[in-house]
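Fold and geometry: a report
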Amino acid sequence: MAKELIKIIKMTVLLYLLCSIAYTFLIWGVGKIFFPFQAGGSIMYKNSKPIGSMLIGEKFTSPYIFNGRPSYAGNGYNGTESSGSNYAPTNGKYIAIEKKFIDNFLKENPTVKKGDVPVDIVTGSGSGLGPYISIAAALDQVPRISKLTGIKEETLRKLVMEHISGRQFGIFGTPGLNTDKLNLMLAGILKVKNKKLFKKIFPVLAD
Amino acid sequence: MTSTGILQISLVLLIMVLTAIPLSRYLAHVFKYEHTFLDKLINPFENLTFKFLKVNKEDEMTWTTYLKIGLVFNFLMAAIVFLILHYQNYLPFNQMHYPGIPWALDFNTAISFITNTNWQNYGGEEVMSNFSQMALVFLQFTSAATGLVFAVAFIRGIIRHEAKYVGNIYVDFIKAIYRIFIPLSIIFAIVMLSQGAPQTFTMQKKVTNITGTKQTLSVGPVASMVSIENFGTNGGGFYDVNAAQPYENPNPFTNALIIFMMGVIPIALFFMYGIMIDDKKHAWTLFWVAATLLIVCVAVIYSQEAAGNPFLAHLGANVTAAKYNPGGNMEGKQEHLGIAQTSLFAGATTAFTTGNVDSAHDSFMPLSGMILMVEMMLNLIFGGKGVGLLNMLTMVIIAVFIAGLMVGRTPEFLGKKIGKKEVTLATLAMFAHAFIILVPFGIAMSVPAGLAGIFNPGPHGLSEVLYAFTSTVANNGSAFAGLNGDTTFYNVIFGFTLMFGRYIPIICQVAIAGALIKKKRIPESAGTFPEHGFLFYSVVMGTIILIGALTFFPALALGPIAEHFAMVKGHLFY
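Conventions and cut-offs
- Within every chain, residues take consecutive numbers counted from 1 along the sequence as written.
- Both sets of labels track the order of writing: A upward for chains, 1 upward for ligands.
- It should be noted that, the model being predicted, local features are given only for residues of pLDDT at least 70 and side-chain atom pairs only at 80 or more, the latter also being counted only at that level, while totals for whole chains, interfaces and linings use all residues.
- The basis for every side-chain value is the complete set of non-hydrogen atoms in the structure, without hydrogens or water.
- A cavity here means a set of 1 Å grid points, computed over protein atoms only, where a 1.4 Å probe fits but cannot escape. A pocket is an open set with protein on both sides within 12 Å along at least 5 of 7 lines, and lining residues have an atom within 4 Å of a point.
- Grid points are joined across faces, edges and corners, and a volume is the space filled by probe spheres set on the points.
- Helix numbers and strand numbers start at the N terminus; a helix is a DSSP run of H or I with at least 4 residues, a strand a run of E with at least 2.
- Classes in brief: Ala, Val, Leu, Ile, Met, Phe, Trp, Tyr, Cys and Pro nonpolar; Asp, Glu, Lys and Arg charged; the others, Gly included, polar.
- As a rule, the C-alpha atoms of each element are fitted with a line to give its axis, helices using only the stretch in contact, and angles between N-to-C directions run from 0 to 180 degrees.
- Roughly parallel refers to an angle under 35 degrees, roughly antiparallel to one over 145, roughly perpendicular to one between 65 and 115, and oblique to any angle outside these ranges.
- The contact definition used throughout considers only heavy atoms, calling two residues in contact when any of these lie within 4.5 Å.
- Salt bridges are defined by distance alone: a side-chain nitrogen of Lys or Arg within 4 Å of a carboxyl oxygen of Asp or Glu.
- For the exposure calls, accessible area comes from a 1.4 Å probe over protein chains only, and a residue counts as buried if that area is under 20% of its type's maximum, exposed if over 50%, partly exposed in between.
- Counted as positive: Lys and Arg. Counted as negative: Asp and Glu. His and the chain ends are not counted at all.
- Here a polar contact is taken to be a pair of N or O atoms separated by no more than 3.5 Å, where protein atoms must pair a possible hydrogen donor with a possible acceptor and residues adjacent in sequence count only if both atoms sit in side chains.
- Residues form patches when they are more than 30% accessible in relative terms and have no salt bridge. Like charges link within 9 Å. Nonpolar side chains (Val, Leu, Ile, Met, Phe, Trp, Tyr) link within 5 Å.
- Where accessible areas are quoted, they stem from the Shrake-Rupley method and a 1.4 Å probe; at the residue level, only the protein chains shown are allowed to cover.
- Per-residue confidence from the prediction method is given by pLDDT, with values spanning 0 to 100.
- By nonpolar core is meant a set of buried Ala, Val, Leu, Ile, Met, Phe, Trp, Tyr and Cys residues that side-chain atoms within 4.5 Å join together.
- Note on definitions: buried area is the accessible-area loss of two parts on being combined, 1.4 Å probe, summed for both.
- Strands are treated as partners if at least two bridges between them are detected by DSSP.
- For any pair of crossing helices, the crossing counts as left-handed if the nearer helix is rotated counterclockwise from the farther one by less than a right angle, and right-handed if it is rotated clockwise.

1. Side note on empty space enclosed by the protein
All names here are of chain B.
- Scanning the model with the defined rule gives three cavities of 30 Å³ or more in all.
- Here the largest cavity is characterised by a volume of approximately 160 Å³.
- Every residue lining the largest cavity is counted, 16 residues in all, and those nearest its centre are Asn379, Asn391, His433, Gly501 and Pro505.
- Only helix H13 (366–378), helix H14 (387–407), helix H15 (420–446) and helix H18 (488–517) provide two or more residues apiece to the lining of the largest cavity.
- Sort the elements by how many residues they give to the lining of the largest cavity and H18 lands first, with five residues.
- Taken together, the residues of the lining of the largest cavity break down into nine nonpolar, six polar and one charged.
- The wall of the second largest cavity is formed by Met96, Tyr98, Gly124, Glu125, Met128, Asn130, Gln133, Met203, Gln204, Ser218, Val219 and Phe238.

Written as structure tokens, this is what we have:
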């Protein structure tokens, strides 16, 4: 067995170097050369300042812009603490929280009728970092944003419909809207329409 | 349920099976030491390795030597990773200065990864340095290869007769790593990278979003982990929530790709088995047994999740799928992946015992949560690397034994008489699985330290603990993640259930191979029970359902079934 033990130790060291170190560095090298943007976390820059990753949802709570789903990642969209709520469907505390979310959405968006609140906009995603909301959830926010910003409802509705991320290859997934992208586009419209409000809501884009 | 949803599910499953067929031929060539198209590329490395290890390819081993070396090798690898994690503060790639992993959590994690489980009592991005994550990747390769080579040894036990040797574990192991896991992982890591999975040695990046809110993003060598995590049916992700974190699973296409990566090798192993024993009809029958179970399970999950939570509907949310509103039970699910793909993912991750999750299983509807547990309790719906096939064959041995009793003949399995020893070992493997789930589960439910970890009230709390023991013993790794498992009690008890759940069945199964290999092959006669076709399918399926249902039904009745009926009655738990 002593002879075998030496073989086992040699194999352990060899496979460690190969599977942990060499393999990781190989993929890192491929990323460095061919996919530097993705390898770094798909981070977008505006005025050479990092404004976030298009893959990771951001905390958008201002009523002037499109809001995302509730988030249980840290204190909301914390990129270092991914987490879902883990609430069971029959947990009384969870249903009480949901009542608050739903009532709040109805209050903020009075054009939406009770019974019509899109379920995704009042529930947390699996990671608390998903940037996507359903088309209904985006359209339901249009009248509110229009009223507050003075941008025509029609313009906003068009914006939503033009930025739907459809099913990939026509089949995979569910159509929805990336709130990171959508709010960036909204900022573009607001910049032309109302410079003062634009500066107030999007301070990072203003300077 | 929508037609697009059903189409998505069918398409992914179909592509998986269609790829598994040619892949199985390749796998069979690899383990029969035959010529493959990668020879020119890999032979030089392989020969160099054997020279370095001083391994002679011709030297074969008895089942006991094969098993012993495998176990010692496993122990050593786990020990090394334990040390790396414990002393990560002295090692490179730790810009965030994370402290060493405390011993109880470390014990749990090292065992969890060497047993191909990847149960995680930690959030990867919150405690692990990049160097530690890379060490876990090492175990993701080797634990997958361990299961695979034991399955190969078992198959040799069937095809060889009046023999002694089951193969050379060094050769099988190196071949599994060099010819299967490394090439596949490299290709698919690059695909994941191109789709947005990061691959960097930086740990965190700070950004300020357009409204001025600051956000810190966790990055690291994610792409390289995601591919082996799934090809090795490991499931332990870089992030706390695994593939629900967009960096680990950027879009619906990668979601489908991950499901594909999880399933393609376990399915191919069934076909490889058919090629190696030279009885494809038998393998196809077993394939249909597993496929039927998978389809039924996914259908139940999808229908439950698509129906949504009646309490939310009552409060004013719209849970019915419409043109612009996907509806369903969206708590803990990513919007763009959708209900259909999330349901398939959950069904697949528990069938193939990967344990990777793209949604919060704890927030699933009671009955779909139950199905996830049932899949892990059966642990043979294609299953993890190698062990799924082993569990299926163990069940087949019990099935032919029962069938033999019914007709009053000595049971036979692929031309070999099944004696007392084989049946005893097979029963022991099956029994151990149930025993190691249910007994510690009972203990945890009756001590304060066990109850303290529960997050959700009522029967769902019981489900959380039951799910955890099932997942650790089945070496799955997914969780009802509300349960706080990072306590000394759970870290230690799970450490043991992980270990026993993995190695006791494997030891029994390799011992069966050792017993079978000595036997004479008896020619087929008119009285031979056919090992393919509908009759055989029914006998195996009946055995699976009887054994599975009888063993676990009482525990399930107390958890998810009770919760479901309470929900139907409109009862909430506080």
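Next comes the rest of the description.
2. Brief notes about the packing of helix H7 (residues 169–195) of chain B against helix H9 (residues 252–277) of chain B
Residues and elements named next belong to chain B.
- Relative to each other, H7 and H9 sit at 170°, their axes nearing to 11 Å. Judged by the inter-axis angle, H7 sits roughly antiparallel to H9. Across the interface between the two elements, Ile180, Phe181, Leu184, Phe188, Val191, Met192 and Gln195 from H7 touch Phe253, Thr254, Leu257, Ile258, Phe260, Met261 and Ile265 from H9.

3. A short note on the pattern of salt bridges
- All chains considered together, the criterion is met by 14 salt bridges over all chains.
- The closest approach of N and O atoms between Arg157(A) and Glu153(A), which form a salt bridge, is 2.8 Å. Taken together, the positions of Arg157(A) and Glu153(A), both in helix H6 (residues 153–162) and four residues apart, correspond to about one turn of that helix.
- Take Glu153(A): its relative accessible area is 33%, and that puts it in the partly exposed class.
- Between Arg179(B) and Glu46(B) there is a salt bridge, and its shortest N-O distance comes to 2.6 Å. Within this pair, whereas Arg179(B) is found in helix H7, its partner Glu46(B) is found in helix H2 (residues 39–53), the two being separated by 133 residues in sequence. Note on accessibility: Arg179(B) and Glu46(B) belong to one class, buried.

4. What to know about the side chain of Glu248(B)
Residue and element names in this part refer to chain B.
- In this fold, Glu248 is placed in the loop between helix H8 (222–231) and H9.
- It is Lys385 that comes nearest to the buried, bridge-free Glu248 among opposite-charge side chains, at 15 Å.
- Only 3.0 Å separates the side chain of Glu248 from the backbone nitrogen of Phe238, close enough to count as a polar contact.

5. Looking at a nonpolar patch on the surface
Residues and elements named next belong to chain A.
- A surface patch of nonpolar side chains, amounting to about 330 Å² of accessible area, comprises Leu5, Ile9, Val13 and Leu17.
- Along the chain, Leu17 turns up in helix H1 (residues 2–34).
- A relative accessible area of 47% means that Leu17 is categorised as partly exposed.

6. Looking at the confidence of the model for chain B
- Mean pLDDT over chain B: 95, with 100% of residues reaching 70 or higher.
- ipTM for the predicted complex: 0.96, alongside a pTM of 0.97.

7. Here we look at the nonpolar core
- Counting residues in hydrophobic clusters, the biggest one holds 261 residues, and the most contacted among them are Ile180(B), Phe181(B), Ile265(B), Tyr273(B), Phe382(B) and Phe413(B).
- By residue number, the principal contributor to this core is H9(B), which donates 20 residues.

8. As for the interface of chain A and chain B
- Listed as interface residues are 105 residues of chain A and, on the opposing side, 120 residues of chain B.
- For the pair chain A and chain B, the summed buried area comes to about 9,200 Å², and 69% of that belongs to carbon and sulfur atoms.
- For chain A, the biggest contributors to the area lost against chain B are Tyr23(A), Asn86(A) and Thr90(A); these three give 8% of the whole.
- Here chain A is connected to chain B by zero salt bridges.
- For the pair chain A and chain B, the number of links is 45 residue pairs in polar contact (both at pLDDT 80 or more).
- Looking at the side of chain A that touches chain B, the element that brings in the most residues is H1(A), giving 23 residues.

9. Overview of the pairing of strand E4 (residues 214–218) of chain B
Residues and elements named next belong to chain B.
- Pairing geometry for strand E3 (residues 204–208) and E4, over five bridges, is antiparallel. Considered in E4, the bridge of Thr208 is made with Lys214.
- In textbook terms, the turn of a hairpin is the stretch between consecutive antiparallel strands, and for E3 and E4 this stretch comprises five residues, one of which, Gly212, has a positive phi near 95°.

10. A few points about H8(B)
- Extensive coverage of H8(B) is indicated by the burial of ten of its ten residues.
- Restricting attention to buried positions, one finds in H8(B) the residues Val222(B), Ala223(B), Ser224(B), Met225(B), Val226(B), Ser227(B), Ile228(B), Glu229(B), Asn230(B) and Phe231(B).
- On its buried face, H8(B) is in contact with H1 of chain A together with helix H6 (130–159), H7 and H9 of chain B.
- Immediately beyond the C-terminal end of H8(B), within one or two residues, lies Thr233(B), with a positive phi of roughly 40°.

11. Description of the packing of H15(B) against helix H19 (residues 533–568) of chain B
Residue and element names in this part refer to chain B.
- Look at H15 against H19: their axes get within 11 Å of each other, and the N-to-C directions meet at 20°. Accordingly, the angle class assigned to the pair H15 and H19 is roughly parallel. Between H15 and H19 lies a crossing whose hand is left-handed. Residues His433, Ala434, Ile437, Leu438 and Phe441 of H15 form the contact with H19, whose own contacting residues are Thr551, Phe552 and Ala555.
- The residue makeup of the contact of H15 with H19, split by class, is six nonpolar, two polar and no charged.

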